[in-house]
Amino acid sequence: MEQKKLDILSLLPEELEQEIRAMGAPAFRARQIFRQLHVKRVFAFSQMTDLSKQFQEQLNERFYINPPKIRQKLDSCVDDTVKYLYGLSDGSCVETVRMVYHHGITACISTQVGCKMGCKFCASAPLGFVRNLTPSEMLMQIYGADAGYPETERISGIVLMGIGEPLDNYENVMQFLRLISCKEGRNLSLRHVTLSTCGLVPQIRRLAEEQLPLTLSVSLHAAENSVRSALMPVNRRYPLEELLDACAYYFRKTGRRVTFEYAVIAGENDSAEAANILSRKLLPVFPGQRPHVNLIPVNPVRGTGFQAGRAAAFQQYLLKEGINATVRRTLGDDIRAACGQLRRDEIGESSPGTEEERESVVSGIESIP
Ligand code: SAH
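Residues numbered from 1 in each chain as written. Predicted model: local features only at pLDDT ≥ 70, side-chain atom pairs only at ≥ 80, totals over all residues. Heavy atoms only, no water.

**With respect to the pairing of strand S5 (residues 93–101)**
Among the nine residues that make up S5, seven are buried, leaving the element largely enclosed by the rest of the structure. Between strand S4 (residues 82–87) and S5, which follow one another and run antiparallel, lie five residues, and Gly-91 among them has a positive phi close to 90 degrees. Bridge count for S5 against strand S6 (residues 104–108) is five bridges, and the pairing is antiparallel. By the bridge assignment, Tyr-101 is partnered in S6 with Gly-104. Connecting S5 to the antiparallel partner S6 that follows it, the hairpin turn spans two residues. (Buried < 20%, exposed > 50% of the residue type's maximum accessible area, 1.4 Å probe, protein only. Helix = DSSP H or I, 4+ residues; strand = E, 2+ residues; numbered from the N terminus. Pairing = 2+ DSSP bridges.)

**As for the pattern of salt bridges**
Applying the stated criterion to the full structure yields 14 salt bridges. Among the ionic pairs, Arg-62 bridges to Glu-19, the shortest N-O distance being 3.1 Å. Taken together, the residues Arg-62 in helix H3 (residues 53–62) and Glu-19 in helix H1 (residues 13–22) connect sequence positions 43 residues apart. Glu-19 gets classed as partly exposed once you look at its relative accessible area, which sits at 21%. We note a salt bridge from Arg-98 to Asp-146, for which the minimum N-O separation is 3.6 Å. Note that Arg-98 is positioned in strand S5 and Asp-146 in helix H4 (residues 135–146), a separation of 48 residues in sequence. Overall, the relative accessible area of 4% leaves Asp-146 in the buried class. A single salt-bridge network, built from bridges that share partners, covers Arg-41, Arg-98 and Asp-146. (Salt bridge = Lys/Arg side-chain N within 4 Å of Asp/Glu carboxyl O.)

**Observations regarding the site of the ligand**
Surveying the vicinity of the ligand reveals 16 residues, the closest of which are Gly-164, Ser-196, Ser-219, His-221 and Asn-299. Here a nitrogen atom of the ligand sits 3.0 Å away from a polar atom, N or O, in the main chain of Phe-121. For the ligand, the accessible surface in isolation is 520 Å², of which the surrounding protein chains cover 90%. When grouped by side-chain class, the residues that make up the shell around the ligand number seven nonpolar, seven polar and two charged. (Near = heavy atom within 4 Å. Polar contact = N/O pair within 3.5 Å; in protein donor to acceptor, adjacent residues only side chain to side chain. Areas by Shrake-Rupley, 256 points an atom, 1.4 Å probe, with all protein chains shown as cover. Nonpolar A, V, L, I, M, F, W, Y, C, P; charged D, E, K, R; others polar.)

**Some points on the domain arrangement of the protein chain**
Domain annotation of the protein chain identifies domain 1 (6–64) and domain 2 (70–366). Look at where the C-alpha atoms of domain 1 and domain 2 centre, and you get two points 34 Å apart. Listed as interface residues are 13 residues of domain 1 and, on the opposing side, 15 residues of domain 2. Interface area for domain 1 against domain 2, summed over the two sides, is near 1,200 Å², with a carbon-plus-sulfur share of 60%. (Domains from an automatic or database assignment. Contact = heavy atoms within 4.5 Å. Buried area = accessible area lost by both parts, 1.4 Å probe.)

**Considering the environment of Ser-226**
Looking at the element boundaries, Ser-226 is found in helix H7 (residues 225–231). Along the chain, Ser-226 and Leu-240 lie 14 residues apart, while their C-alpha atoms are 10.0 Å from each other.

**Details of unusual backbone geometry**
Of note in this structure, Gln-211 is not a glycine but carries a positive phi near 55 degrees. One non-glycine residue, His-221, lies in the positive phi region at around 65 degrees. Relative accessible area serves as the criterion here: at 5%, His-221 is assigned to the buried category.

**Quick look at the sheet that holds S4**
In space, the ten strands of this open sheet follow the order S3-S4-S5-S6-S9-S10-S11-S12-S13-S14, with mixed pairing throughout. Only two strands of the sheet have a single partner each, and these edge strands are strand S3 (69–75) and strand S14 (324–327). Going from strand to strand, the sheet's axes swing by 20 degrees on average, the running direction of each strand aside. Across the sheet, helix H5 (residues 170–181) touches strand S9 (157–160) and strand S10 (193–197), and the angle it forms with S9 is around 175 degrees. (Axes fitted to C-alpha atoms, helices over the stretch in contact; angles between N-to-C directions.)

**Thoughts on the packing of helix H10 (residues 272–282) against helix H11 (residues 311–320)**
Running from N to C, H10 and H11 cross one another at 40 degrees; their axes reach a closest spacing of 9 Å. Taken together, H10 and H11 sit at an angle that is classed as oblique. Between H10 and H11 lies a crossing of right-handed hand. Residues Ala-272, Ala-274, Ala-275, Leu-278 and Ser-279 of H10 touch H11, and the partners they reach there are Phe-314, Tyr-317 and Leu-318. Taken together, the residues that form the contact of H10 with H11 break down as seven nonpolar, one polar and no charged. (Parallel < 35°, antiparallel > 145°, perpendicular 65-115°, else oblique. Left-handed = near helix turned anticlockwise from the far one by under 90°.)

Here's what the structure looks like:
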């Protein structure tokens, strides 16, 4: 029986070694190939000139390499932000953003094609869920966004804040993190990785057990169940009390404070009272530490009707209450660098947009363990 080809870019060094040994080749060959792929970024066996032609052919029969196919690349005129729309082998597409900060270069990557979570303000929600990304498809968003830049300008930080819910693709995201941080490859410290979640409680608890040095960021957006459930259907499954309990557990287990994201939406969640409720709920979560809230003026997405709220005023309310609040600087406004907008334009308006259809997307949440 013919064996199915393996996705070589999703394999860790030890996994690749096992496969190469099984082909009857010595272990050092695996190290050579891993280096060609992940350090030299050579994405064709035929270009791995340190391997014999015959071995290259054997590799071609056993493995496939899925290099990134850039469908669109948009350079911002107002800053150094670059946005990529990648085409995947099945015709799907996802977005990646490359952002230049004073401390280094950060990529915002997607973890799924589409999303099941149905947040009302999000550009991806109405388009529904297609599939999980493989570890190599996440990795290639980074390698693709490094292409054409000198080695000194390689991506040194990652935020899992693109399209998708990373904790709903748990295993593949973990494998991606092992790959990007392994010393034989990119060797990127997980201290420079932020994972953002809409609040999948069991997976937050599971992540706590992994003891990874990454930053966990929870998209809160409201501190009352009624408001949060209206904005984020996931809250009906995991209400605020359970979510904040999981954040407290994460802190106890890892010693690392969870940060919170808060999209400020005019008239929905930006009043002084909302700030007061938010502070009262957050202050007890991390004993001895000030909670940190990242405020983002909501990006108005076509069809949602939401407008940016008063982030600076809301920040002042929170600061007075003893919360560390910052307003996130927006980058690449001219290239629609906010998550999901490019893919949405690419796919067009043929996607579910009515309230009823959105609810059917949301019902996907019921299937989450
Ligand atoms: N699913 C994950 C990560 C992807 S979304 C999560 O929910 O955290 C990344 C962040 O962008 C989240 O905080 C999300 O709530 C926020 N977001 C989505 N649409 C937005 C919009 N229109 N304006 C501002 N923030 C938005």
